[in-house]
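# Analysis of the macromolecular model
Take a look at the letters that make up each chain.
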Amino acid sequence: MKTPDSEKLTLNLGFVDLGRIDLLVRDGFYSNRSDFIRTAIRNQLSSHADVAAQATTRLSLELGLRTFTRRDLEAVKAAGERLEIRVLGLAVIEADVSPELARETIASLTVLGALHAAPEIKAALADRLS
């Protein structure tokens, strides 16, 4: 399975803000609305980079992509351990993981970004998601 590079978001904007974005696009400052929004988000993230870095360290978050397979979780189970997963970015629980195995091996799951897992896995871990 190919891991996606991005997550689709939907947002509501006021008509005046949307018109201003369209004006900037029309005048060639941005190629389209999405380009403007991505640039605005990157600028805001950049302006708060120090705070985000401190929080990432304080919360012991893994940064980027973290994938969990059946084999990974079976090894955790065999060792008699349970995971406390904290990811800033994308956490993927592969399709080969059963809901039972996920419940047996994942004590808590915090994802700031996106979690890609089967609906059955999300339901099995619902009480452990934060």
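## Quick look at the pairing of strand β3 (residues 106-116)
- Here strand β2 (residues 83-93) pairs with β3 via 10 bridges, running parallel. Looking at the pairing, Gly-89 lines up with Gly-113 of β3.
- Taking the sense of rotation as the criterion, the β-α-β connection linking β2, helix α5 (residues 99-105) and β3 turns out right-handed.

## Quick notes on the pattern of salt bridges
- In the structure shown here, the tally under the stated rule is 8 salt bridges.
- Measuring nitrogen to oxygen at the nearest pair gives 3.0 Å for the salt bridge that ties Asp-127 to Arg-103. One end of the pair, Asp-127, is in the segment after α6 (119-124); the other, Arg-103, is in helix α5, and 24 residues separate them in sequence.
- What makes Asp-127 exposed here is its relative accessible area of 57%.
- Taking relative accessible area as the criterion, Arg-103 reaches 32% and is therefore assigned partly exposed.
- We note a salt bridge from Asp-127 to Arg-128, for which the minimum N-O separation is 3.5 Å.
- Overall, Arg-128 belongs to the buried group, its relative accessible area being 15%.

## Let's talk about the sheet that holds strand β1 (residues 62-68)
- Here we have 3 strands laid out as an open sheet, ordered β1-β2-β3, and parallel in their pairing. The open sheet has two edge strands, β1 and β3, and neither has a second partner. Direction aside, the axes of adjacent strands within the sheet are offset by 45° on average.
- Sheet strands in contact with helix α4 (residues 70-78) are β1, β2 and β3, and its direction is about 90° off that of β1.

Reading guide: rules and limits
Residues numbered from 1 in each chain as written. Predicted model: local features only at pLDDT ≥ 70, side-chain atom pairs only at ≥ 80, totals over all residues. Heavy atoms only, no water. Pairing = 2+ DSSP bridges. Helix = DSSP H or I, 4+ residues; strand = E, 2+ residues; numbered from the N terminus. Right-handed = clockwise from strand over helix to strand, strands pointing away. Salt bridge = Lys/Arg side-chain N within 4 Å of Asp/Glu carboxyl O. Buried < 20%, exposed > 50% of the residue type's maximum accessible area, 1.4 Å probe, protein only. Axes fitted to C-alpha atoms, helices over the stretch in contact; angles between N-to-C directions. Contact = heavy atoms within 4.5 Å.

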